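Residues per chain, in single letters:
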Amino acid sequence: MTDIKLALLGSRGAGKSAVLVRFLTKRFIGEYASNSNSLYRKRLSIDGRQLNLEVFDPCSQTGESRCILEEPLEWADGFVVVYNISDRTSFLNAKNILRQIKETRGGETCKGEVDIPICLVGNKQDLCHSRQVTEEEARAAALEHKCHFQEVSAAEDYLEIANLFTKLMRHVMEHLKYRADRRRYSGSKSMAKLINNVFGKRRKSV
Ligand SMILES: Nc1nc2c(ncn2[C@@H]2O[C@H](COP(=O)(O)OP(=O)(O)OP(=O)(O)O)[C@@H](O)[C@H]2O)c(=O)[nH]1
């Protein structure tokens with residue numbers, strides 16, 4: 001069983017809870033209590049592998065540019081960063097969050113290796129008549145931060161939201177495997193170094 005921990009980040013009212021609840025229950029619920037942090041758990045299967053999914057949905061705070069980022073930034077294996085396509089400020093905040101994720105967790109990857117799994121999500125696509133963020137600029141931001149991108153409407157879609165979570169969880173599994181392999185490799189390298197030091201020295205002293 002693989003444990004996967006995701007964090008939902010974004011501006012207040014961007015639709016984080018709506019996107020998550022749509023994924024978990026296939027339903028859209030208009031209003032959510034937003035004054036407390038929530039941790040959702042679900043067991044599911046992807047590509048025949050059993051997963052324990054945990055999703056942290058932190059309550060937004062005023063003065064949101066730093067939200068309550070530190071905790072989920074350290075805790076999560078992957079991130080869903082949500083903005084509202086009809087609210088430019090929420091997009092600027094999302095870009096800021098992408099930067100903070102890269103600053104905090106970017107050290108886990110080297111050039112050409114698996115990037116931290118993140119999906120930038122433009123929610124409220126049904127409000128495209130009052131759009132303030134184009135798909136192109138959001139795609140460019142996703143490209144710059146090497147993350148997935150998807151526009152959705154929690155109010156109207158299920159499939160696109162399910163697909164983005166599935167894609168992100170596949171990426172998380174790949175990233176966890178990469179990290180485990182790297183730990184094993186550096187562990188066996190330091191063991192080889194230790195053996196070499198011990199036996200090398202002995203041989204010298206004989
Ligand atoms: N039109 C439209 N409204 C949406 C959509 N998703 C969410 N909303 C509405 O946007 C408002 C905020 O949604 P939430 O899911 O509570 O947003 P949040 O990001 O979790 O907000 P906080 O918990 O305060 O951080 C609610 O009134 C939702 O009904 C959507 O796709 N389309």
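On a predicted model such as this, the values are computed, not experimentally measured, just so you know.

Asker: So what about the overall build of the protein chain? Which residues, and what values?
Answerer: Regarding its fold elements, the protein chain presents 5 helices and 6 strands. Secondary structure elements in the protein chain, listed N-terminal to C-terminal, are β-α-β-β-α-β-α-β-α-β-α. Residues counted as buried form 44% of the 206 residues belonging to the protein chain. In the protein chain, the proportion of contacts linking residues at least 24 apart, taken out of those at least 6 apart, comes to 74%. Per element, the accessible surface of the protein chain, about 11,400 Å² overall, is 50% carbon and sulfur.

Asker: Could you give me a rundown of the pattern of salt bridges, with the residues and numbers involved?
Answerer: For the coordinates displayed, the defined rule picks out 6 salt bridges. For Glu137, the salt bridge goes to Arg88, with nearest N and O atoms at 2.8 Å. You can see Glu137 sitting in helix H4 (residues 135-144) and its partner Arg88 sitting in helix H3 (residues 88-105), a full 49 residues away along the chain. For Arg88, a relative accessible area of 31% gives the class partly exposed.

Asker: An account of the environment of Leu127 is needed here, citing residue identities and associated values.
Answerer: Along the chain, the position of Leu127 falls in the loop between strand E5 (118-123) and H4. The sequence separation of Leu127 and Glu174 amounts to 47 residues, and the corresponding C-alpha distance is 35 Å. Residues contacting Leu127, with those up to four places away along its chain left out, are Ile85 and Ser86.

Asker: Kindly report on the sheet that holds strand E1 (residues 2-10), identifying the contributing residues and their values.
Answerer: On the basis of which strands lie adjacent, the open sheet formed by 6 strands has the order E2-E3-E1-E4-E5-E6 and mixed pairing. Edge strands, defined here as strands with exactly one partner in the open sheet, are strand E2 (38-46) and strand E6 (148-151). Across this sheet, the average inter-strand angle for adjacent strands is 20°, counted without regard to direction. Pairing between E2 and strand E3 (residues 49-57): 9 bridges, direction antiparallel. The partner of Lys42 across the bridge, within E3, is Leu53. Of the strands in this sheet, E1, strand E4 (78-84) and E5 are in contact with H3, which crosses E4 at around 165°.

Asker: How would you summarise the packing of H3 against H4 if you had to cite specific residues and measurements?
Answerer: Look at H3 against H4: their axes get within 11 Å of each other, and the N-to-C directions meet at 10°. Taken together, the axis directions place H3 and H4 in an arrangement best described as roughly parallel. Taking contact as the criterion, the partners of Arg88, Phe91 and Lys95 in H3 are, on H4, Glu137, Ala138 and Ala141. Classifying every residue of the contact of H3 with H4 by side-chain character gives 3 nonpolar, no polar and 3 charged.

Asker: Talk me through H4; I want residue IDs and the actual numbers.
Answerer: Within the span of H4, buried status applies to Ala138, Ala141 and Ala142. For H4, the arc enclosing every buried residue in end-on projection is 100°, short of the 170-degree limit, so these residues lie on one face. Among the exposed residues of H4, those pointing more than 90 degrees away from its buried face are Glu136, Leu143 and Glu144. Packed against the buried residues of H4 are E4, H3, E5 and E6. Looking one or two residues past H4, Lys146 carries a phi angle of roughly 50°, positive in sign.

Asker: Mind laying out H3, listing which residues take part and the relevant values?
Answerer: With 18 residues, H3 extends 26 Å between its outermost C-alpha atoms, agreeing within 8% with the 26 Å of an ideal straight helix rising 1.5 Å per residue. By the burial criterion, the buried members of H3 are Ser90, Phe91, Asn93, Ala94, Ile97, Leu98, Gln100, Ile101 and Arg105. Where H3 starts, the residue carrying a side-chain oxygen 3.1 Å from the main-chain nitrogen of Thr89 turns out to be Asp87.

Asker: Outline the environment of Gly122, supporting the account with residue identities and numerical values.
Answerer: Summarising the element assignment, Gly122 is placed in strand E5. With a relative accessible area of 0%, Gly122 lands in the buried category.

Asker: Provide a residue-level description of the nonpolar core, including the pertinent values.
Answerer: Ile4, Leu6, Phe23, Leu53, Phe165 and Met169 are the most contacted members of the largest nonpolar core, which totals 28 residues. Counting residues per element, the ones that place at least two in this core are E1, helix H1 (16-25), E2, E3, E4, E5 and helix H5 (159-205). Ranked by the residues each element gives to this core, the list is headed by H5, at 8 residues.

About the criteria used
- Residues numbered from 1 in each chain as written.
- Predicted model: local features only at pLDDT ≥ 70, side-chain atom pairs only at ≥ 80, totals over all residues.
- Heavy atoms only, no water.
- Helix = DSSP H or I, 4+ residues; strand = E, 2+ residues; numbered from the N terminus.
- Buried < 20%, exposed > 50% of the residue type's maximum accessible area, 1.4 Å probe, protein only.
- Contact = heavy atoms within 4.5 Å.
- Areas by Shrake-Rupley, 256 points an atom, 1.4 Å probe, with all protein chains shown as cover.
- Salt bridge = Lys/Arg side-chain N within 4 Å of Asp/Glu carboxyl O.
- Pairing = 2+ DSSP bridges.
- Axes fitted to C-alpha atoms, helices over the stretch in contact; angles between N-to-C directions.
- Parallel < 35°, antiparallel > 145°, perpendicular 65-115°, else oblique.
- Nonpolar A, V, L, I, M, F, W, Y, C, P; charged D, E, K, R; others polar.
- Arc of directions from axis to C-beta.
- Expected span 1.5 Å × (residues − 1).
- Polar contact = N/O pair within 3.5 Å; in protein donor to acceptor, adjacent residues only side chain to side chain.
- Core = buried A, V, L, I, M, F, W, Y, C linked by side-chain atoms within 4.5 Å.

Nothing here speaks to function; it is geometry throughout.
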